[in-house]
Amino acid sequence: EDDEFEMTSWMSSPKTPMLARLAKVKSAPDLVTFMMSTITKEEPNYVPLDTITESFQDQAMDVSSAETGVRSPYSNDSEEFAKNGAAYNLGIIARLSWTQSWLLAMVALLNLLAAAMLAFWAELFTNTKSVIKPGTTASFHAFGRQTSIDISFSRMLPVILCWGPALGVVKAIANYFSVLLMLEWRSKLFSHLQTRYLRSSDRIYYVLSNLDSRVEASDQRMTNDVDLLMQFSFEFFLGGIMKPDSGVLFKMSIFIVSCWIVWMDVERTLPGMGGAAPCTASALFLVTFLIVERFGRKCAEVQHQLQLCEASFRSAHARCRSFAEGISFYGGEATEKVMLDQHFTPILTTFKTFSWWKLPVEFLQLSIYQGQYTVAMLVGGSVAFKEDDKARRVGIFDLTNSAMVECLDSLNRITCQVMDFAKSGALAKRVVELEEVMKAFHALFNVTSPGLSRSSINLLKKDLDVNLSCGADVMCGKDPEDAVIEVQGSGCCEPETLQLKCGPQVPVGESRGIIFQNVDIYTPDGSRLLLPDVNLSLDVGESCLIMGPSGIGKSSLLRVLGQLWPCFQTPGKVSARFSRPAGRNLFFLAQRPYLFDGTLREQIAYPVWDDSLLNQLNDTNLKRLFVDCNLEEVWHDRRHELDTPGIPWADVLSLGEQQRIQFCRLFWHAEWQQQRENQMTNTSFFSILDESTASMDTASEMKVYQTLKQKKIGFLSVAHPPTVIQYHTKVMHFQFNLKKELMYEVKDAKSMAEEHASLLTKHLKPMRSRSKDRRRPSTSSAELRIDAIAPKMPRGPSGSSDKKKETTPL
């Protein structure tokens, strides 16, 4: 009791809910009740009650985000998806690609017809062999019966000569329809994946390339992998893509027709033995196929790893091609060769592993294929010796032996194609992985992150556990060109359901200006806080310059503004507010311009929100835009090539000229948007400049900023030269204090310019003339020279410096 009293007095001011309950324990029963409640109910981590709202009190803190307090849906580690096996993944691909059912029906019917013609060839050959002697005639024997058709060698010869070419024509037409069906399925699958990938409200192409690492080389999965997947899968199931007589459909059709013909022949000749050949062939095929498929499954896993290595190797070569000029300047050819060899070595190693696992598969395939004749002879002999009439034994043996050969040959050819199935299964896994991840992010963005075209949505939610099995018919975009993708519920051959967890985000409001109020800027994975407690407000027509050391997160603020990065809400901080103009009223210019494969006129009209953007861009408007961006020389030299296709403008124009082309885009889209909204003045159009003038000369930089001011376009820019301060109304200046803590302050641009001018003046000293005969008065007209910034000129032996170089006036 004394110990309990001391504990109670020590906890008179409890700091956690658990200790608060423990302080109320006064007896043994109370202690037992407290222990049971502690065991049955997990105590949440402590968060001060005065700093958290009621909506977050029931929110459990995730262990992975314990340091930052935010939970991100993005992952930096690759994960394995599509774990349901090759057959299930191929079923998903078939469901996503299903189209043109009439083509599939035509392929099936033509393959069945070709199989029937091929199986009936044995009947024709047997009847022809019976009348091979000149002048011999007989009744046509088919399906165990004698028909009323009289045949002779002269009558059967034309049929035999025409039967083979007719069979070839039917199979060739079936293969042609197979190729057409493959193209339709590939187009449907590619269209589905590309719609998800490039949907403007989700921007999954940016997420998978820059934020999330669950799947690598997403672009190659949609292009190269889909192409190979369709080729190998159609080659295995339908055939006729690369091999004229391949395909499970064709071989199974041959087997079924052959079994029916053989059963009719043998059963009528020897009752009770008609099913011996088909059943023996089926049992042998089933056993061997299961064994071969087991080894083939391992080959499929190695094939999956091989595709990963191939994708990495292609990416390395693409990177070498993209940065060829820099590599040439550095002379880094030897280093590049070493790095490319490092990417090629895993391909060789993986391919050797694949050949090792392929060895037992081919051993089984070839052994069974070559041994089918021995098996056929054994089965034929066992059936024939059950006939007491020795004269009929030979006929029964030939009939049973040929039937077994036909059945086994068709089935063993399916076994020989198991590698096509293994390759298609490996590629299907890669494509289904991409589909599952894109579907997960699509469902997540439907709930947690509005697209640029959406209006204000309240996103103050608790920790979101998004389950894709829950259907969503949410329209995520108001733009009519946005394709609506429905996330359907679980069913047969549905992609695996994923769960992406995302912490609460700051609600994105819609306003005429830009507002950041108490916003914390995190990295996309939520692991690091870059800019704490950002407060910035820009009204219509205002401008702000963001300055500070490199690498602190200035561009990160712009990415959050463009909704490329999530704007996480720090737990317990509900006062954060983020608002921006809607959709097309925000135009971003990157430091590295994007010029695509198009004409010069199309470069200015990009992105083409509406056909009028390109149709109204006549030569008069183009010339005016080029003049506004200090591109008179480019206009003079290239005005006759405005609509000439095939010119690689990214290589023709310098980097500074490309940046000015970006400003032409900006001014043209701003004019188009103003005309669309009938707001020629005080428009809410803003431009975001992420070091967009870094490669321009000073005159061009001043020209584009002056044009921005003249057109009354509000802008938020990141730049380092202090010469651009004069074109802004505000300056957001980041710097480190003495404690190495990142601080910022928002100042008036005029006062900031004066401050920088005073700092520069401290390094300028009055220049005294060293000539005794030419003394200048020490007045305000004294010439100045840079003393502390520029290095001093070298002095001669007498200690004096070169007067011409030292007295260079500013």
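Now for a look at the structure at hand. (Residues numbered from 1 in each chain as written. Predicted model: local features only at pLDDT ≥ 70, side-chain atom pairs only at ≥ 80, totals over all residues. Heavy atoms only, no water.)

1. Considering the sheet that holds strand 11 (residues 686-690)
Strands pair in a sheet through their backbones, by hydrogen bonds, and they do so in one of two ways: parallel or antiparallel. On the basis of which strands lie adjacent, the open sheet formed by six strands has the order 10-11-12-8-13-14 and mixed pairing. Looking at strand neighbours, the two that pair on one side only are strand 10 (586-589) and strand 14 (742-748), the edges of this open sheet. Pairs of neighbouring strands in the sheet enclose a mean axial angle of 15°, with direction left out of account. In the sheet, strand 8 (residues 543-547) pairs with strand 13 (residues 730-736) via four bridges, with the strands oriented parallel. (Pairing = 2+ DSSP bridges. Helix = DSSP H or I, 4+ residues; strand = E, 2+ residues; numbered from the N terminus. Axes fitted to C-alpha atoms, helices over the stretch in contact; angles between N-to-C directions.)

2. Re the pattern of salt bridges
Here the structure, examined in full by the defined rule, presents 18 salt bridges. Across the salt bridge formed by Glu433 and Arg221, the nearest N and O atoms sit 2.9 Å from each other. Here the residue Glu433 occupies a position in helix 14 (residues 418-448), and Arg221 occupies one in helix 8 (residues 218-237), the gap between them amounting to 212 residues. When sorted by exposure, Glu433 lands in the same class as Arg221, which is buried. One salt bridge connects Asp643 with Arg601, and the closest N-O pair in it is separated by 2.7 Å. (Salt bridge = Lys/Arg side-chain N within 4 Å of Asp/Glu carboxyl O. Buried < 20%, exposed > 50% of the residue type's maximum accessible area, 1.4 Å probe, protein only.)

3. A short note on the packing of aromatic side chains
One pass over the structure, following the stated rule, counts 22 aromatic pairs. Plain terms: the ring middles of Phe663 and Phe667 are 6.1 Å apart, the flat faces sit at 50° to each other, and that makes the pair tilted. Of this pair, Phe663 and Phe667 both sit in helix 21 (residues 655-677), four residues apart, which is roughly one turn of the helix. Each member of the pair, Phe663 together with Phe667, is buried. Grouped by ring-pair contacts, the aromatic residues Phe587, Trp609, Trp672 and Phe685 constitute a single cluster. (Phe/Tyr/Trp six-rings, centres within 6.5 Å; stacked < 30°, edge-to-face > 60°.)

4. Let's talk about the sheet that holds strand 7 (residues 529-538)
On the basis of which strands lie adjacent, the open sheet formed by four strands has the order 5-9-6-7 and mixed pairing. Edge positions in the open sheet fall to strand 5 (508-510) and strand 7, since each of these has one partner strand only. Pairs of neighbouring strands in the sheet enclose a mean axial angle of 30°, with direction left out of account. The sheet contact formed by strand 6 (residues 514-522) and strand 7 spans six bridges and is antiparallel. Paired with Ile515 across the two strands is Ser537, which belongs to strand 7. The strands touched by helix 15 (residues 554-561) are strand 6, strand 7 and strand 9 (577-580); relative to strand 6, the strand with the most contacts, the crossing angle is about 120°. (Contact = heavy atoms within 4.5 Å.)

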